[in-house]
Amino acid sequence: MTFAVAPNSACLSQAFLRNKMKCILRKPQPQLPASNDTVTFLINGTQYTVSASNNGSLNPESRLVDYIRDQAKLKGTKWTCREGGCGACVVTARTKDPQTGQELVRAVNSCLTPVYACDGWDISTVEDLGNRRDGYHPIQKRLAHFGGTQCGFCSAGMVMNMYSLAMSNKNLKSQDIENTFDGNICRCTGYRPIFDAFKSFADDADPEIKKRCDDIEDCGSCPGKSSGGCCSRPAANLPSANLDLSLPTGEKWNKITDLKTTFEILNNHAKNKIKYRIVAGNTGTGVFKFDGPYDAYVEVNNVPDLSVLSVNKSEAVLGAGITLTKAIDFLENLGNTEGFKYAGGMGHHIRRVANTPVRNFGTIAGNIMMKHDHHDFPSDIFLILEAVGAKVYVASSPTDISSYKLVDFLNVDMRGRLIVYFTIPKRKGNYVYRSFKITKRHQNAHAYVNAAFLIKVDPALDFKITEKPSICFGGINPKFVHATRTEDALTGADLADPNTLKKAIKMLDEEVEPDHHLPDSTPQYRKQLTQNLLYKVVLGILGEKADGNLHSGAEVLIREQNSGRQTYDTDEEFGMSPLYKPVAKLEALAQCSGEAEYVNDIPKQQDELSGAFVTATLANTEIKTIDASEALKVPGVVTFITSKDIPGRNSFYDGFMGNGKEEVFVETEVKASGQALGLVVAQSREIALAAAKLVKVEYQESKRPVLKIKEAISKAKEEGTFESAIMYPPFMNVKSPDEPNPTSQYKIKGEFNIGGQAHVQMENHVTLVIPQEDGLLVYAATQWMDQCQMMIAKALNIPNNSIDIKVKRIGGAYGSKISRGTHVAVAAAVASHITRKPVRIVLDMEHGFEMMGKRLPYHTEYEAGFDQNGKIDALQAKVICDSGMYDLDTTSAFAVAFMQSCYNAKGWNLQPGRVTTNTHTNTFCRAPGTTQGIAIIENIMEHVADTLKKDPVEVRQANFLKPGDPLLPCHGKQHEGDIFEGVNLVPNIIEELQRSGDYEERKRLIEEFNRSNRWKKRGLALVPMRYLQGFHGMKLSAFVAIHNQDGTVSISHAGVECGQGINTKVAQTAAHTLGIPMSKIAVKAANNLTAANSDCTGGAITSELVCYAITRACQQIAERMAPIKKGLEDPSWEELVQKCNQGGIDLRGTYQYSANDADVKPYDIYGANLTEVEVDILTGEFKIVRLDLVEDAGKSLSPEIDIGQIEGSLVMGLGLWSEEKLVFDPETGRLLTRNTWEYKVPLPKCIPEDIRIVIMRNAPNPLGVLRSKATGEPPLCLAVAVLFAIKNAIKAARSDAGNTEWFQLDGPVTPEDVVRLSLTNSGEHF
Ligand SMILES: Cc1cc2nc3c(=O)[nH]c(=O)nc-3n(C[C@H](O)[C@H](O)[C@H](O)COP(=O)(O)OP(=O)(O)OC[C@H]3O[C@@H](n4cnc5c(N)ncnc54)[C@H](O)[C@@H]3O)c2cc1C
Ligand code: FES
Ligand code: FES
């Protein structure tokens, strides 16, 4: 076994990086002219001037990201969420500190930045760093080299976030780097390789990481050299003039650089009742998107007086315009000053507010005003300031300044007034400050409940509280701030007296009255949090005075830095061949430099139009009328399209089996909220979106929607249709030949529910359709070209051969672009057909969430019988999935097929079923059905073990599948009478994992830990898997052409590159088969000509099957070349190719893999996952301490890529089980978790602190392609171990609470579930 490290080489240090960065900088910057009616800024050294009087297309809401992409034509910068929640749009901004004049280099979310606020900015995008022609930047190279890109859609944002950090001249430490990536989502990689890449720049980088740096940095890569050999770049000379812009769209935009003018303008606006917005960081628009429109904007970023920071005898002063980033530094430093010790904790708290780019520009005043305008906003800044007795100073003129307590400020009329600064008081004496933020996710998540405490205690006097304490909670209800009665009750009380706490808890119970607004957590949980947090504070104050095993309650969970180890074989057997070796992804550098083109990067076409969907806001109703007249009046709107305008079939998808229909636009019946009703087509996306909001829809009376699987089941049971309408007919059952044992020694009965999961691919759904001579050219983000072509042809009633589909790459999909992407493609094609113009539709994230189905939720009812060893001899399970509104991509048949996993299934009868609900048609999502099937059987194993009080591993061992055991017949994968003839690798894997993962020792340590800690618990779980890879009926083709002049090779194949690395594996395979270096090979866009009739990319099998087709296509050519080669003496490749061409040899090969290729057979994939978690029982938060995963990938074709697939898939699975929860409005059926604010996918600190991945060695696959196995989906099935590990931790807490009975834990588990199920009763357990 070898470690995945590159040959020894010293990693280049951070000092090198800085040198390199200096070297890479552009030519000296021009002086930006100061002007009163133009906004001037630099992008990558080029000056852009926006003239207010002559710029019809820009309005005050126009964002920098669009300017960069559409005006500067720099497509490297991407957008996904447009709300500061994903990091795709991050660029670097150089500005000057208005107070000190010092240069500030900061990462900024260009999606939140108004173009008009960029006056004087010097902006760098990913293109500024490096490119193919001039050489790449070290940051770009390292990210590529470490396998930090898959689909690449997040990569530019990652690079620029890192670049901004490095350029802000900090001493780079690994921890800083990790902390900085708290706002950049990567749905593909699982983050570990991104961290490794960037941490390699840190002074304290792990030597293993350093070793991997290789010699990838060479001086020749400095783009600066080609532009004149510059080595440093002075900051652009920023003008500081006021701006007074009268925008062509009618609004005013003032940029102010002094307070006096600011007041004049504000007073004037107030007097004239002009609706205005003060613009500071403008990040508030990421949270409250619909506060406008405004008639005037007053930009105050450049007012020096708003950026003061000072400390005097009695207080510290923070200017209103201080950014959160600056506030952190200031407060953390201030914490070392006598009288301000508490400030350190405040600074620390702010580190968990929003994310780095938001904190870089978001200001304190902006945050406080958000709370002022939206009392229900759980502002952390408000809370911590209020708790310490801060004052806010509000002014309407330089002399008219009033101060308020923060709570009082909430009701102050702010028209014409400005927050100018805040003060926090110096406090003498022993003050304890604690603040908390309990969230869905550790990073970049608003609080369920936040809390801040400032308590003066005297330890010498039994911890007497010597003055009225300050106890504040957020997230309770819009009015609640101070727990005043509790504060009173605690005043003068002795904390060491147990009755004090009891009384305080009782008081809290009485005075805290949380409201309930979905998707917030329940009032019960939030109330309990207030009590538990107070308890934490008290335990912290009492310290050693509290019982030893309670100490764990005092602290919050600390997430340690991430570390990883990846282990795999490499193979020297093939000498120079790149196969079976770790190679960098073909497109990695292009992705890291923004050169990789995605559909929405294709330049705007002549006369191009944009489409925006009008969607239903109600479920389970019918349309009465749709009135688009107002929308059609909007200048620039071209037409509004409904179902009536579709010339052919109104369906974008007929179902995986081709036996259904899903309307492009609803005709009458609205089943789900979010269904498309029509499409506004306009000259720009902005116009189309704005006009779509004006379309009026009247509905008939709606019926209450059925949104949950259990509701649908109960309804069917009540109506007596459960068996007939929900359960599939018996022939679909997966059943052993033996009947279940009716007299099993032990019997259990239970249920298990699994939630849905949104795909959250970073590239939103998008299509560009261009009319051409013989039909339509379609650039679609689809995993299924054939389906796209067919459905467009049907909708338009045109022949299939009039449609050309092209897919170069897609920015992530995970199944979302199998059937769902076609919706956008068909709608765009209809619009293009009608208007005869190019039409582009790019969904925004919210529309994507609302319009698109997701992973299917599941409900299982089971009964099992077993003996004293846990050997199951009877199992009846009804496995029901929620197909959403149409039963088109249902997966419960897969689920039951996968339930046998690595077990003997004697006496099993598994019955699949499905319900329909008033939610969108649910669809395939990475490891569809398989994930649930394996989770369901593993949950049953846990239940059996719990009943017998045995280690669940022993129970699993008692059930292992052995050679000669019957296999359950299931849907073409296994047949009636099949017996297991292979080798079940699971027992060996488990043995190895138990050894390498110190299973027994860790189990012992965990038991000890749990005994000694009442309020922190650890849990360990080991989950094995046998995954039936059987999607072999698919058809996938490849086309290979060798160019005679230079012997280079072009390939186009049927697989869609969506981050899984298919192009790299294809190039490796072709290079291997033809015996040439990979550098000779280019993989071109997939298209429906060379890949006609191919199936979709999915099921994790596409790479292998396409590699099969590639091998055959290359072999065809090689066979034709062989006679010529024979006649030549040791020819070079180029010579051979030329001679073949001269000899009339066809140098093109094509092959379609299909079920007829009998040498490729279904096979099993084995693996296991050992996961350890730590849970805070008082808050319900958890972290993954360590995760060891072993997977059998056969003989991995490309180990770095397979490791990436394993980690990425695993982390998506961790999200499914422990984070991502979908919540619908029970009345309207509308999805409430439809953006990054409410729906939380894993961020870097969600991944295991210590993650160790092993690709099994010496495990070639005799049945698969080139002895390899699929990797993209199976690891997701293993992620369920996290659920069981959390469950085991909860179990330990329940046991302390006196309950050792089995309990049901469904996925995804939330902190609220943890607290509820831990039986933490505040009254009883304190
Ligand atoms: C993705 C994301 C996550 C976030 N997470 C959290 C979180 O976890 N906890 C939390 O507390 N906050 C969170 N926030 C909120 C964030 O802290 C605020 O967006 C930020 O502080 C606002 O500052 P700004 O300068 O950008 O304000 P702007 O957006 O510029 O302005 C916001 C409001 O303040 C007004 N305003 C600005 N300056 C002044 C002034 N001097 N006087 C009077 N009015 C003024 C504006 O008119 C506007 O109404 C999050 C924001 C985002 C985008
Ligand atoms: S697009 Fe800007 S943060 Fe998501
Ligand atoms: S590579 Fe990060 S989202 Fe795909």
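Owing to the predicted nature of the structure, the values given are computational and were not obtained by experimental measurement. (Residues numbered from 1 in each chain as written. Chains lettered and ligands numbered in written order. Predicted model: local features only at pLDDT ≥ 70, side-chain atom pairs only at ≥ 80, totals over all residues. Heavy atoms only, no water.)

Enquirer: Can you break down the packing of aromatic side chains residue by residue, with the values?
Expert: Tallying each qualifying case throughout the model produces 31 aromatic pairs. Note on Phe 340 and Tyr 342: the rings are 6.4 Å apart at their centroids and 45 degrees apart in plane angle, and the pair reads as tilted. In this pair, the class of Phe 340 matches that of Tyr 342, namely buried. A ring pair is formed by Phe 453 and Phe 473, whose centres lie 5.7 Å apart and whose planes are at 85 degrees; its orientation type is edge-to-face. Of this pair, Phe 453 sits in strand S17 (residues 447-458) while Phe 473 is found in strand S19 (residues 470-474), placing the two residues 20 residues apart along the sequence. Note on Phe 453: relative accessible area 0%, which makes it buried. For Phe 473, a relative accessible area of 1% translates into the label buried. An aromatic cluster is present here, built from Tyr 653, Phe 656, Trp 784, Phe 894 and Phe 924 joined pairwise through their rings. Stacked on the ring of Phe 153, the Lys or Arg Lys 78 has its end atom at 6.0 Å from the ring centre. (Phe/Tyr/Trp six-rings, centres within 6.5 Å; stacked < 30°, edge-to-face > 60°. Buried < 20%, exposed > 50% of the residue type's maximum accessible area, 1.4 Å probe, protein only. Helix = DSSP H or I, 4+ residues; strand = E, 2+ residues; numbered from the N terminus. Lys NZ or Arg CZ within 6 Å of the ring centre and 35° of its normal.)

Enquirer: Could you give me a rundown of the nonpolar core, with the residues and numbers involved?
Expert: In terms of nonpolar packing, the biggest core is built from 310 residues, with Phe 198, Phe 453, Phe 473, Phe 613, Ile 940, Met 1121 and Trp 1217 touching the most fellow members. With near-sequence residues (within four places) excluded, Phe 453 lies in contact with Val 432, Tyr 433, Arg 434, Phe 436, Ser 470, Ile 471, Phe 473, Leu 533, Leu 534 and Val 537. Counting residues in each nonpolar core, the second largest holds 60 residues, with Ala 343, Val 353, Ile 364 and Val 412 among its members. (Core = buried A, V, L, I, M, F, W, Y, C linked by side-chain atoms within 4.5 Å. Contact = heavy atoms within 4.5 Å.)

Enquirer: Could you give an account of the UniProt feature "domain: FAD-binding PCMH-type" (unreviewed entry) in the protein chain, naming the residues involved and the relevant values?
Expert: Under the present numbering, the feature "domain: FAD-binding PCMH-type" (unreviewed entry) in UniProt falls on residues 246-429. Counted over residues 246-429, helix gives 34% and strand 21%. Its end C-alpha atoms are 55 Å apart. (UniProt positions renumbered as here; feature names shortened; annotations may be inferred.)

Enquirer: Lay out the confidence of the model for the protein chain in plain terms, naming residues and giving numbers.
Expert: Here the protein chain shows a mean pLDDT of 93. Residues at 70 or above account for 94%. Predicted confidence for residues 1-25 stays below pLDDT 50, and this span has 79 contacts to residues more than four positions away or in other chains. (pLDDT = per-residue confidence, 0-100.)

Enquirer: How would you explain the sheet that holds strand S12 (residues 315-319) if you had to name every residue and give the values?
Expert: Read from one edge of the open sheet, five strands run S11-S12-S15-S13-S14, paired in antiparallel fashion. For this open sheet the edge positions go to strand S11 (309-311) and strand S14 (401-405), each flanked by a neighbour on one side alone. Within the sheet, the average angular offset between the axes of one strand and its neighbour, ignoring direction, is 20 degrees. By the bridge criterion, five bridges tie strand S13 (residues 391-395) to S14 in an arrangement that is antiparallel. Paired with Val 394 across the bridge in S14 is Ser 402. (Pairing = 2+ DSSP bridges. Axes fitted to C-alpha atoms, helices over the stretch in contact; angles between N-to-C directions.)

Enquirer: Break down the packing of helix H28 (residues 930-948) against helix H29 (residues 952-959) for me, with residues and values.
Expert: The contact between H28 and H29 brings their axes to 8 Å, and the two run at 115 degrees. In terms of their interaxial angle, H28 and H29 are classed as roughly perpendicular. Considering only the axes of H28 and H29, their crossing is right-handed. Facing Glu 938, Met 941, Glu 942, Val 944 and Ala 945 of H28, the residues of H29 in contact are Pro 952, Val 955, Arg 956 and Asn 959. Broken down by class, the residue content of the contact of H28 with H29 amounts to five nonpolar, one polar and three charged. (Parallel < 35°, antiparallel > 145°, perpendicular 65-115°, else oblique. Left-handed = near helix turned anticlockwise from the far one by under 90°. Nonpolar A, V, L, I, M, F, W, Y, C, P; charged D, E, K, R; others polar.)

Enquirer: Outline empty space enclosed by the protein, listing residues and values.
Expert: Throughout the structure, instances matching the rule amount to 15 cavities of 30 Å³ or more. Estimated volume of the largest cavity: approximately 230 Å³. Together, 20 residues line the largest cavity, and Lys 440, Arg 559, Phe 1182, Glu 1219 and Cys 1246 are the ones closest to its centre. For the lining of the largest cavity, the secondary structure elements donating two or more residues are strand S43 (1182-1191) and helix H35 (1199-1218). Ranked by the residues each element gives to the lining of the largest cavity, the list is headed by H35, at four residues. Here the lining of the largest cavity is composed, by residue class, of eight nonpolar, four polar and eight charged. Residue lining of the second largest cavity: 15 residues in total, with Val 760, Gln 761, Met 845, Gly 848 and Phe 849 positioned closest to the centre. Class assignment of the residues belonging to the lining of the second largest cavity gives a composition of six nonpolar, seven polar and two charged. (1 Å grid on protein atoms, 1.4 Å probe; cavity = no way out; pocket = protein on both sides within 12 Å on 5 of 7 lines; lining within 4 Å. Points joined across faces, edges and corners; volume = space filled by probe spheres on them.)

Enquirer: Account for helix H21 (residues 685-692), with residues named and values stated.
Expert: Residues three or four positions apart in an α-helix share a direction because the helix packs 3.6 residues into each turn. Looking at H21, one finds that the buried residues are Arg 685, Ala 688, Ala 691 and Ala 692. In an axial view of H21, the angular spread of the buried residues amounts to 135 degrees, which keeps them on one side of the axis. (Arc of directions from axis to C-beta.)

Enquirer: Tell me about the sheet that holds strand S7 (residues 243-246), residues and numbers included.
Expert: The pairing of strands in a sheet comes from backbone hydrogen bonds and takes either a parallel or an antiparallel form. Taking strand neighbours across the sheet as the criterion, the four strands line up as S7-S8-S10-S9 in an open arrangement whose pairing is mixed. Each end of this open sheet is capped by a strand with a single partner; those strands are S7 and strand S9 (276-279). Each strand axis lies, on average, 15 degrees off the axis of its neighbour in the sheet, ignoring direction. As paired strands, strand S8 (residues 252-255) and strand S10 (residues 296-299) are joined by four bridges and run parallel to one another. Bridged to Asn 254 within S10 is Val 298. Seen against the sheet, helix H9 (residues 259-271) touches S8, S9 and S10 and runs at an angle of roughly 160 degrees to S10.

Enquirer: Describe in detail helix H3 (residues 138-145), supporting the description with residues and values.
Expert: Among the eight residues in H3, seven count as buried, and that is most of the element. Taken together, the buried positions of H3 are Pro 138, Ile 139, Gln 140, Lys 141, Arg 142, Leu 143 and Ala 144. One or two positions beyond H3, positive phi appears at Gly 147, with a value near 70 degrees.

Enquirer: Explain the pairing of strand S25 (residues 676-682) to me, and be specific about the residues and the numbers.
Expert: Extensive coverage of S25 is indicated by the burial of seven of its seven residues. In this structure, strand S21 (residues 609-615) lies alongside S25, joined through six bridges in antiparallel fashion. In the strand pairing of S25, Gly 611 is matched with Val 681. Relative to S25, strand S23 (residues 637-641) runs antiparallel, the two being bridged by four bridges. Bridge pairing in S25 places Val 637 opposite Ala 682.

Enquirer: An account of the packing of helix H24 (residues 785-796) against helix H25 (residues 821-835) is requested, with residue identities and associated values reported.
Expert: Across the interface, H24 lies against H25 with an axial gap of 9 Å and an inter-helix angle of 40 degrees. Compared by their axis directions, H24 and H25 come out oblique. The chirality of how H24 crosses H25 is right-handed. Across from Gln 787, Cys 788, Met 791, Ile 792, Ala 795 and Leu 796 in H24, the residues of H25 making contact are Thr 822, Ala 825, Val 826, Ala 829, Val 830 and His 833. Looking at the contact of H24 with H25, its residues break down into nine nonpolar, three polar and no charged.

Enquirer: Outline the pattern of salt bridges, supporting the account with residue identities and numerical values.
Expert: Taken as a whole and judged by the stated rule, the model has 78 salt bridges. A salt bridge links Lys 794 to Asp 654; the shortest N-O distance between them is 2.6 Å. Placement of Lys 794 in helix H24 and of Asp 654 in the loop between S23 and strand S24 (669-670) is noted, with a sequence separation of 140 residues between them. One salt-bridge network, held together by shared partners, links Glu 83, Lys 289, Glu 846, Glu 850, Arg 1230 and Arg 1234. (Salt bridge = Lys/Arg side-chain N within 4 Å of Asp/Glu carboxyl O.)

Enquirer: Tell me about the site of ligand 1, residues and numbers included.
Expert: In the neighbourhood of ligand 1, 37 residues make up the surrounding shell, with Thr 283, Gly 284, Thr 363, Asp 380 and Lys 437 lying closest. Between an oxygen atom of ligand 1 and a side-chain N or O atom of Thr 283, the distance comes to 2.6 Å. Within the side chain of Lys 437, a nitrogen or oxygen atom sits 2.6 Å from an oxygen atom of ligand 1. Look at ligand 1: alone it shows 970 Å² of surface, and the protein chains cover 97% of it. Every element with two or more residues in the shell around ligand 1 is listed here: S9, helix H12 (356-361), helix H13 (364-373), helix H14 (380-387) and strand S15 (418-425). (Near = heavy atom within 4 Å. Polar contact = N/O pair within 3.5 Å; in protein donor to acceptor, adjacent residues only side chain to side chain. Areas by Shrake-Rupley, 256 points an atom, 1.4 Å probe, with all protein chains shown as cover.)

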